[in-house]
Amino acid sequence: MGGRGRSRRTQRKHFRDGRENVWKNNDNKSEPQQQNKESSNWQPFVAENAAFNEYYKEQGIVRPEEWDAFMECLRNPLPSAFRINSSSQFSMDLKSQLQDEFTKSLQIAGEAEGIKSLPWYPDNFAWQSSFSRMQLRKNKSLERFHEFLKQENEIGNITRQEAVSMVPPLFLDVHRDHFVIDLCAAPGSKTFQLLEMIHQASEVGSLPSGMVVANDVDVQRCNLLIHQTKRMCTANLVVTNHEAQHFPSCHMKKNHENVSELGMTQLLFDRVLCDVPCSGDGTLRKAPDIWRKWSVGMANGVHCLQLQIAMRGLALLRSGGRMVYSTCSMNPVENEAVVSEILRRCGGSVELVDVSTELPQLIRRPGLKSWKVRDKGVWLASHKDACKHGRSGIVPSMFPSGQAHLDTSDDTNENPGAEINEDGNSNNNGDVDVLVPQVSSLPLERCMRFVPHDQNTGAFFVAVFHKISQLPVLQTKSNKHSRERDSDSDEKVKQGEDKDVNETDVSNADAGVLVKQGEDKDVNEEAIPVKESDEELLDCNPSKKLRVESPNKPKSRAEKANDKRKLQIQGKWFGVDPVVFFKDDAILTGIKEFYGIKESFPFNHHLITRNSDTNHVKRIYYISESVKNVVELNFLAGEQLKITSIGLKMFERQTSREGVSTACVFRISSEGLPLLLPHMTKQIACASPADFKHLLQYKSIKFPDLVDDGFREKVSTLSLGCCVVVLNKDNEGSSDPPVVDRSTIAIGCWKGRSSLSVMVTAIDCQEMLERLLVRFETKSGSSDINCEEAANVDDAQVKEVSETVTTSDDVEVNKE
Ligand SMILES: C[S@@+](CC[C@H](N)C(=O)[O-])C[C@H]1O[C@@H](n2cnc3c(N)ncnc32)[C@H](O)[C@@H]1O
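No experiment lies behind these values; they were computed from the predicted model shown. (Residues numbered from 1 in each chain as written. Predicted model: local features only at pLDDT ≥ 70, side-chain atom pairs only at ≥ 80, totals over all residues. Heavy atoms only, no water.)

Enquirer: Just to check I follow, could you spell out the sheet that holds strand 25 (residues 746-751) for this structure?
Expert: Remark on secondary structure: sheet strands pair via backbone hydrogen bonds, oriented parallel or antiparallel. With mixed pairing, the 5 strands of this open sheet are ordered in space as 22-24-25-26-23. Both edges of this open sheet fall to strand 22 (684-687) and strand 23 (700-702), since each of them pairs with a single strand only. Going across the sheet, the axis of each strand differs from the next one's by a mean of 30 degrees, ignoring polarity. For strand 23 and strand 26 (residues 755-758), the ladder comprises 3 bridges, and the chain directions are antiparallel. Across the sheet, residue Ile 701 finds its bridge partner in strand 26, namely Leu 756. The sheet contacts of helix 27 (residues 709-717) involve strand 22, strand 24 (721-727), strand 25 and strand 26, and relative to strand 22 the element is tilted by about 170 degrees. (Pairing = 2+ DSSP bridges. Helix = DSSP H or I, 4+ residues; strand = E, 2+ residues; numbered from the N terminus. Axes fitted to C-alpha atoms, helices over the stretch in contact; angles between N-to-C directions. Contact = heavy atoms within 4.5 Å.)

Enquirer: I would appreciate a short explanation of the site of the ligand in the present structure.
Expert: In the neighbourhood of the ligand, 22 residues make up the surrounding shell, with Lys 190, Asp 216, Arg 221, Ala 244 and Asp 275 lying closest. Here a nitrogen atom of the ligand sits 3.0 Å away from a polar atom, N or O, in the main chain of Cys 184. Contact between the ligand and Gln 245: a nitrogen atom at 2.9 Å from a side-chain N or O atom of the residue. Protein burial of the ligand: of its 600 Å² of free accessible surface, 87% is covered by the chains. Going through the elements one at a time, helix 8 (189-199) and helix 13 (303-316) are the ones with two or more residues in the shell around the ligand. (Near = heavy atom within 4 Å. Polar contact = N/O pair within 3.5 Å; in protein donor to acceptor, adjacent residues only side chain to side chain. Areas by Shrake-Rupley, 256 points an atom, 1.4 Å probe, with all protein chains shown as cover.)

Enquirer: What exactly am I supposed to notice about the sheet that holds strand 20 (residues 648-653) here?
Expert: Spatially, the 5 strands line up as an open sheet ordered 16-17-18-20-21, and their pairing is antiparallel. Where the open sheet ends on each side, the last strands, each with one partner, are strand 16 (580-581) and strand 21 (666-668). In this sheet, strand 20 lies alongside strand 18 (residues 619-622) in antiparallel orientation, the contact comprising 4 bridges. Residue pairing in the sheet places Arg 619 in a bridge with Glu 652 of strand 20. Running at roughly 50 degrees to strand 21, helix 23 (residues 585-595) makes contact with strand 17 (607-609), strand 18, strand 20 and strand 21 of the sheet.

Enquirer: Looking at this structure, how should I read the pattern of salt bridges?
Expert: Oppositely charged side chains can form a pair if their charged atoms are brought close together. The full count for this structure, using the stated rule, is 34 salt bridges. For Arg 271, the salt bridge goes to Asp 173, with nearest N and O atoms at 3.6 Å. Of this pair, Arg 271 sits in strand 8 (residues 269-275) while Asp 173 sits in the loop between helix 7 (167-170) and strand 5 (179-182), and the two are 98 residues apart along the sequence. Overall, Asp 173 belongs to the partly exposed group, its relative accessible area being 36%. Two residues, Glu 336 and Arg 449, come together in a salt bridge whose shortest N-O distance is 2.7 Å. Of this pair, Glu 336 sits in helix 14 (residues 336-346) while Arg 449 sits in strand 14 (residues 448-450), and the two are 113 residues apart along the sequence. Per residue, the accessibility class of Glu 336 equals that of Arg 449, and both read buried. If you follow the salt bridges from partner to partner, you end up with Arg 63, Glu 65, Glu 66, Arg 365 and Asp 454 in one network. (Salt bridge = Lys/Arg side-chain N within 4 Å of Asp/Glu carboxyl O. Buried < 20%, exposed > 50% of the residue type's maximum accessible area, 1.4 Å probe, protein only.)

Here you go:
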């Protein structure tokens, strides 16, 4: 069924402006220069950075003889790539169009292909073009292809995504029944991919038993994430807004009476994706401003956060589950160093998976076993060097051995340590650390490095972990730092919040202290002293506290004045509408009766709103069984999750400008229609291809202008208000209600007093028209859908859609 995705580009704009388009200013001659060089602040990008060269040559990330090819590739703009949404109704049509039409039309005379499918991506669903985004925008001969990409991306039939960025979800091995969390998810291209995997091969009208939690700390970027994932039209997604390293445990108190009913007591995941924030130098080809900004400090500065996030990810992972850690950075401090520290901290409870036999066509290189750390122009081969030089920001886990050098008291002056200074000259004083960098004994060759010149991509790093058993118990500290943290927690308790498992888990996860593993041991139970070195690591990146509303907090004047919104901030989290199960029996019975929703469809307990005031509910969202369980658990755990978006918009309150009084004020939203239609028995009419096409073309048609008598008669029997028009593909008699399958094409409409109007956005109408034209033309050469009857409909007769069609096109954050 059609009608995927509502969208506008506004929300993407600020993000795009920040990250892309930067090649516009690039002086690189491989791109046409379109910038007005007269503009006073125009600065060419220089694709060169001496510190970058020095750093990566020394780290040996590519062999010396490859260096030039590596740099040459990095200086060239990234070819644009995209993925067909495998769960889209039109996925096969799109694949055919790419294979049959664009592969030929984009072939550069006598040169390589203009587009080709990526051989390592399953089922030819991922494609890469030979053109950069800039070329697509500026080159007239690529206009049709560019329009195709934009439209299909907006609808949700494809996702434009860098090729190597598609790799991490592939190694997660996601199944339909998996609970998956994407801890750093915005802007959401990997979340979208995960959702596709969950939904793959779903029967029409049914939902998978798995679900995805997509989290990001940044509210703006969370909005982008919501915007991206809305295109997927899924009831199996929860978007949250937490610091990943502090992601709540969300488990109910032991012996809670609802435990058996719910079947789960704690929110654990089968799959965890940690696509962590990073220095991003793997994206140099699409963001050449990084050439100017790059410094070693960028990587050193995020190492601790990356580690904390990954450790939290493992704590949230079920035993037996898989976690993928990835960055778009080439820096070993953000990559192999983090992986090594994870392995050290987790002992035998986590292993690095050898995935060398998975996706054999994907070219990858093994992780580094040896590297050095650089700080403020000085090379450091061990933590000992860092101590000698008073480099407090450099922590033991950045080095291959991970070993802390604790005693810095006497030998600082005695042996200032070896170093290579800013000019690259050795200041070595005889300390072998620098000359012979540490070599890790961990199986880091199992990590995967993707370098640009191997398959004309960006650079990426991916490591796959398997959690064998519960992590070693991470303990509360008995020293001054832990006391400080404890006093924070105490304050929270005083403020009225339950001392919950989260906070304790958070500090423990931060500490990441290794102690003996205890079966079924609660993380809170034991207190074991920790080494000072762990304290250093813990403290290297202090994080902000969760912002929790305190019930006893006196109200500010602004809050008092905001009484109208009072009900909407009754949830636990400031600024986030509460998640409320919609239980208004009268409305629900009315909806079920109006659309003839079958009893077999799981309905009543699957509807939620974001408004406690049920009399003024505008939108009702549908949630899958898996998401319902998570919401219920979250309530029982004291609303640990800060949920910014959840579920699939299924019904929207609709008013008619004509003043038509309808028996049901809730219309079916385009997003919800594909799921609901197979379970509906009323308010459905089957249209001939000609009438269907007219509706898409003219948006509103007066009853006498409907071409097909049978369709006109059927429409006359429908109640006033929302209805569904299904395309009668073969133009033959169909059952009533029609049999719905994956190929069924349907649109939401509004039956007014004198006309039938579509309730689908313009872009969805256009897309559907185009797809139908292609399908019908291919099938019969000259088809009904391509008929000229539209010409008989006098344009003057086609008035504007008379009813208010409320399509919230911008990012909708499940707000009322
Ligand atoms: C590399 S991007 C993720 C890209 C995303 N996975 C995708 O494929 O579209 C890293 C994200 O981490 C988020 N982030 C940064 N610090 C974070 C934290 N402490 N917790 C959660 N997210 C964080 C950033 O806002 C950013 O959106």
